[in-house]
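One letter stands for each residue in the lines below.
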Amino acid sequence: MNVIKIGGNVLDNPAQLDQFLTDFAFIQGPKVLVHGGGKIASDLSKQLGIEPNMVNGRRITDDDTLRVVTMVYGGLLNKNLVAQLQARGCNSLGLTGADANVIPAHKRPVKDIDYGLVGDVESPEQVNVRFLASLAEQGLTPVFAALTHDGQGSLLNTNADTIASTLAVALSREFEVNLVYCFEKKGVLLDVEDETSVIHHLQPDNYAELKAQGSIFAGMLPKLDNAFAALQAGVNAVIIGHAGEIQTIAAGEKAGTRITL
Ligand SMILES: Nc1ncnc2c1ncn2[C@@H]1O[C@H](COP(=O)(O)OP(=O)(O)O)[C@@H](O)[C@H]1O
Ligand SMILES: CC(=O)N[C@@H](CCC(=O)OP(=O)(O)O)C(=O)O
């Protein structure tokens, strides 16, 4: 089973997205697509006069922002991705974590920062794996938007990398799962400006070193923290790579950065 996450920069690039979806549709066997869309939500937010506010890579989500991300992630992006996959013969089903109660979550508790209507997932054990397995049995590919719910009637904005790793860990109970983070670069780079500097293998000790010297920063930090946590919790393999190389990655051939413990 492949759990594949696609980030906001690729979703905002029609040519790259088109190619990615064509390649994704070709991948054999059960698969799950998780999408972000932070960049598109920020653009629409600004157009509506709501200034985006990101802290530690997470969006501070007030009532108006939740409306925007619900429209963008749950509506615009999710439904268009499903339509585009249908056009490629990939029978897919658009979902949030609220649908079939697949991903129970709670509002992130206020510590130093109040993130507002942001979700932390309960735990992979609470994911409705049976439902996902039944979709796989029917040949349906779930497409997840970055939204969960609090069980009390509110949707919660939830980081898409975290949704992908949570689903990957949960599905590892029934499947051998490969988790792939696709984005707009060729992998984790030694020098973020140099696409030829792909780190082919990343382990916790060299991650700590590269983090300390500032070569790995910003959105890549939570992505890698999620990646190591997923491996520790039973995911078979985690790869971070370019959306344009998904076929090579899914075939188990050398591309992107392979994360190992
Ligand atoms: N060493 C690195 N290699 C590649 N990208 C890095 C690195 N360090 C930081 N980054 C940044 O991490 C970003 C990816 O994280 P993020 O924006 O959260 O991705 P996504 O598009 O998947 O949501 C890249 O666009 C890049 O700017
Ligand atoms: C709480 C939180 O920060 N949620 C993210 C969800 C979208 C996301 O993760 O999008 P990318 O993968 O494209 O960055 C956000 O609103 O930006």
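Keep in mind the model is a prediction, meaning the values are calculated, not measured.

K.L.:
Kindly report on the site of ligand 1, identifying the contributing residues and their values.
P.N.:
Not every one of the 16 residues close to ligand 1 is listed here, only the nearest: E184, L189, S215, F217 and K223. In the environment of ligand 1, an oxygen atom lies 3.1 Å from a nitrogen or oxygen atom belonging to the side chain of K5. At 2.7 Å from an oxygen atom of ligand 1 is found a side-chain nitrogen or oxygen belonging to K223. Protein chains shield 82% of the accessible area of ligand 1, which is 570 Å² for the free molecule. Of the residues contributing to the shell around ligand 1, the split by class is seven nonpolar, five polar and four charged.

K.L.:
Please provide a residue-by-residue account of the environment of A105, values included.
P.N.:
Counting through the fold element by element, A105 comes out in strand β6 (residues 105–107). By relative accessible area, which is 5% here, A105 ends up buried. In this structure A105 touches D120, V121, E122, T148, H149, D150 and L156, once residues within four positions along its chain are discounted.

K.L.:
Any details on the packing of aromatic side chains? Residues and values, ideally.
P.N.:
Where two aromatic rings form a pair, the distance of their centres and the angle of their planes describe that pair. What the rule picks out here adds up to two aromatic pairs. Geometry around F24 places K31 over its ring, the cationic atom sitting 4.9 Å from the centre.

K.L.:
I'd like to hear about unusual backbone geometry, residue by residue, with values.
P.N.:
If you check the backbone angles, A100 has positive phi at about 55° while not being a glycine. When its relative accessible area of 39% is taken as the criterion, A100 is described as partly exposed. Phi is positive for A218, which is not a glycine, with a value near 50°. Overall, A218 belongs to the exposed group, its relative accessible area being 51%.

K.L.:
How would you explain the packing of helix α3 (residues 38–47) against helix α4 (residues 63–87) if you had to name every residue and give the values?
P.N.:
Relative orientation of the contacting elements α3 and α4 amounts to 125°, with a least axis distance of 9 Å. Classified by the angle their axes make, α3 and α4 are oblique. For the pair α3 and α4, the sense of crossing is right-handed. On α4, the residues that touch G38, I40, A41, L44 and S45 of α3 are V68, V69, V72, Y73 and L77. Residue classes in the contact of α3 with α4 are distributed as eight nonpolar, two polar and no charged.

K.L.:
How would you summarise the pairing of strand β11 (residues 178–183) if you had to cite specific residues and measurements?
P.N.:
By the criterion of burial, β11 is predominantly enclosed, with five of the six residues buried. As paired elements, strand β1 (residues 2–6) and β11 share five bridges and run parallel to each other. Paired with I6 across the bridge in β11 is C182.

K.L.:
Report on the UniProt feature "site: Transition state stabilizer" (unreviewed entry) in the protein chain, specifying residues and quantitative values.
P.N.:
Under the feature "site: Transition state stabilizer" (unreviewed entry), the UniProt entry names K5 and K223. With the annotated positions falling across 219 residues, the maximum pairwise C-alpha distance of 10.7 Å places them together in a single cluster. Mapped onto the fold, K5 is located in strand β1. When near neighbours in sequence (up to four residues on either side) are disregarded, K5 contacts V34, G36, A160, D161, A164, V180, Y181, C182 and K223.

The rules behind each value
Residues numbered from 1 in each chain as written. Chains lettered and ligands numbered in written order. Predicted model: local features only at pLDDT ≥ 70, side-chain atom pairs only at ≥ 80, totals over all residues. Heavy atoms only, no water. Near = heavy atom within 4 Å. Polar contact = N/O pair within 3.5 Å; in protein donor to acceptor, adjacent residues only side chain to side chain. Areas by Shrake-Rupley, 256 points an atom, 1.4 Å probe, with all protein chains shown as cover. Nonpolar A, V, L, I, M, F, W, Y, C, P; charged D, E, K, R; others polar. Helix = DSSP H or I, 4+ residues; strand = E, 2+ residues; numbered from the N terminus. Buried < 20%, exposed > 50% of the residue type's maximum accessible area, 1.4 Å probe, protein only. Contact = heavy atoms within 4.5 Å. Phe/Tyr/Trp six-rings, centres within 6.5 Å; stacked < 30°, edge-to-face > 60°. Lys NZ or Arg CZ within 6 Å of the ring centre and 35° of its normal. Axes fitted to C-alpha atoms, helices over the stretch in contact; angles between N-to-C directions. Parallel < 35°, antiparallel > 145°, perpendicular 65-115°, else oblique. Left-handed = near helix turned anticlockwise from the far one by under 90°. Pairing = 2+ DSSP bridges. UniProt positions renumbered as here; feature names shortened; annotations may be inferred.

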